[in-house]
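Residue-level listing of the chains:
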Amino acid sequence: QDLFAHSTKFHCFDEKLFGPQEVDLGEEGMNPLKYAKDLRQRKSAAVAYSQQAANMNMKRDELSQHCRQLGIQDKGSLSELSVAVATAYARQAELMGHDELSKFGENIIEKMFSTFKTKSDEKGESTGLSLWDFNQFLEAIGSYTIYDNKDYKNF
């Protein structure tokens, strides 16, 4: 019974990966007018941040903070960080309302990355999964593995 109860949250999980889900919205957020208003506000904020970064109107520490919030690397020149933040916020605004990860999806991805640790270089910066580690991950989820390093780089 415990195993069944634990597994029910993964039943039809592919439908739960992207949001918003009712659980994420809460009682008040399920109101279509409130949801549309919140979505417009979030989207305008993302577009504004994207434009600020693209116009180089952010300082390095502010850009670094946005990078950490967005989950992107915060190393590089001021112009590289500006482009990265502008691109990430533009992409985020594009995905809002559909194609966004739900909280369930975020948790699944977090578990995947904590199970399959990413490598770090000598500076402590993440270099991602190696081909070997990525293939172990693919095998664990029952997917086809990648044999060619070139295919892995293109993936």
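These figures come from a predicted structure and were not determined experimentally. (Residues numbered from 1 in each chain as written. Predicted model: local features only at pLDDT ≥ 70, side-chain atom pairs only at ≥ 80, totals over all residues. Heavy atoms only, no water.)

Engineer: Could you clarify how one ought to interpret the overall build of the chain in this entry?
Structural biologist: Along its length, the chain carries 9 helices and 2 strands. Helices and strands in the chain line up, N terminus first, as α-α-α-α-α-α-α-β-β-α-α. Per-residue burial for the chain yields a buried fraction of 24% across its 155 residues. Restricting to contacts in the chain with at least 6 residues of sequence separation, those with at least 24 account for 40%. In the structure as shown, the chain presents an accessible area of about 11500 Å², 55% of it carried by carbon and sulfur atoms. (Helix = DSSP H or I, 4+ residues; strand = E, 2+ residues; numbered from the N terminus. Buried < 20%, exposed > 50% of the residue type's maximum accessible area, 1.4 Å probe, protein only. Contact = heavy atoms within 4.5 Å. Areas by Shrake-Rupley, 256 points an atom, 1.4 Å probe, with all protein chains shown as cover.)

Engineer: How should I be thinking about the pattern of salt bridges in this particular structure?
Structural biologist: Oppositely charged side chains are able to pair whenever their charged atoms sit close together. A full pass over the atoms with the stated rule returns 3 salt bridges. When salt bridges with common partners are traced through the structure, they connect Arg68, Asp74 and Lys75 into a single cluster. (Salt bridge = Lys/Arg side-chain N within 4 Å of Asp/Glu carboxyl O.)

Engineer: Before we go on, may I ask you to explain unusual backbone geometry in this structure?
Structural biologist: Excluding glycine, most residues fall at negative phi; most peptide bonds, likewise, are trans. The backbone of Met56 sits at a positive phi, close to 60°, despite the residue not being glycine. Within the fold, Met56 resides in the loop between α4 (32–54) and α5 (60–70).

Engineer: Just checking my understanding: could you explain the nonpolar core for this structure?
Structural biologist: A general tendency of soluble globular proteins is for nonpolar side chains to be buried together. The biggest cluster of nonpolar side chains holds 12 residues, and these are Leu39, Ala46, Ala53, Met58, Leu63, Cys67, Leu81, Val85, Ala86, Tyr89, Ala93 and Met96. Contributing elements (two or more residues each) for this core: α4, α5 and α6 (78–95). Not counting residues within four places of it along the chain, the set of residues in contact with Leu63 comprises Ala53, Met58, Leu78, Leu81, Ser82 and Val85. By size, the runner-up hydrophobic cluster in this structure holds 7 residues, among which are Leu129, Leu131, Phe137 and Tyr152. (Core = buried A, V, L, I, M, F, W, Y, C linked by side-chain atoms within 4.5 Å.)

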